[in-house]
Amino acid sequence: QVQLVESGGGSVQAGESLRLACEESGEISSLTSRSWYRQAPGDRRALVATLFRGGKADYPASMAGRFTISRDRNKNILYLQMDNLKPEDTAQYFCNVKFFGPDGGVSNVWGQGTHVTVSS
């Protein structure tokens, strides 16, 4: 079993920075990627950043490029560095791990989320 626990959320003003952390416990042999998602009230959960197994980072084109995903393997923590935050970044942020399940399909493990509020 794998458990993900997010932390680092809080309230900041526009232009400030935050670094979110996701502590991972357990092991997944067939892990494919680690990601950060966010979800604002009434909206669908949206992808923010992905770190693939080989170390490649990817960010959706819709993102402003203000976020950086990284991982400290020694501490087993996935980070999301968020700079120049804007009010529209206000959301619940979740970390995610994808892996191949017993049926051959991709399975997901989610954390419970950490909330970020950005005021103008």
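On a predicted model such as this, the values are computed, not experimentally measured, just so you know. (Residues numbered from 1 in each chain as written. Predicted model: local features only at pLDDT ≥ 70, side-chain atom pairs only at ≥ 80, totals over all residues. Heavy atoms only, no water.)

> I'd love a proper account of the state of the cysteines, names of residues and values included.
Enumeration according to the criterion identifies one disulfide in this entry. At a sulfur-sulfur separation of 2.0 Å, the disulfide partner of Cys22 is Cys95. Taking the torsion about the sulfur-sulfur bond, which here is approximately 55°, the covalent link between Cys22 and Cys95 counts as right-handed. Of this pair, Cys22 sits in strand β3 (residues 18-25) while Cys95 sits in strand β9 (residues 91-100), placing them 73 residues apart in sequence. On the basis of relative accessible area, Cys95 is assigned to the buried category, the value being 0%. (Disulfide = S-S within 2.5 Å. Helix = DSSP H or I, 4+ residues; strand = E, 2+ residues; numbered from the N terminus. Buried < 20%, exposed > 50% of the residue type's maximum accessible area, 1.4 Å probe, protein only.)

> If you had to explain the packing of aromatic side chains to someone new, which residues and values would you point to?
Aromatic ring pairs are defined here through the distance separating the ring centres and the angle between the ring planes. Inspection of every chain in the model, using the stated rule, returns one aromatic pair. The ring centre of Phe94 lies 3.8 Å from the NZ or CZ of Arg45, which sits over that ring. Between Arg45 and the ring centre of Trp110, over which it is positioned, the NZ or CZ distance is 4.5 Å. (Phe/Tyr/Trp six-rings, centres within 6.5 Å; stacked < 30°, edge-to-face > 60°. Lys NZ or Arg CZ within 6 Å of the ring centre and 35° of its normal.)

> Can you lay out the side chain of Ser35 for me, pointing to particular residues and giving the numbers?
With respect to the element layout, Ser35 can be found in strand β4 (residues 31-39). Separated by 3.0 Å, the side chains of Ser35 and Thr50 make a polar contact. Residues contacting Ser35, with those up to four places away along its chain left out, are Leu47, Ala49, Thr50, Ile69, Leu78, Phe94, Cys95 and Asn96. (Polar contact = N/O pair within 3.5 Å; in protein donor to acceptor, adjacent residues only side chain to side chain. Contact = heavy atoms within 4.5 Å.)

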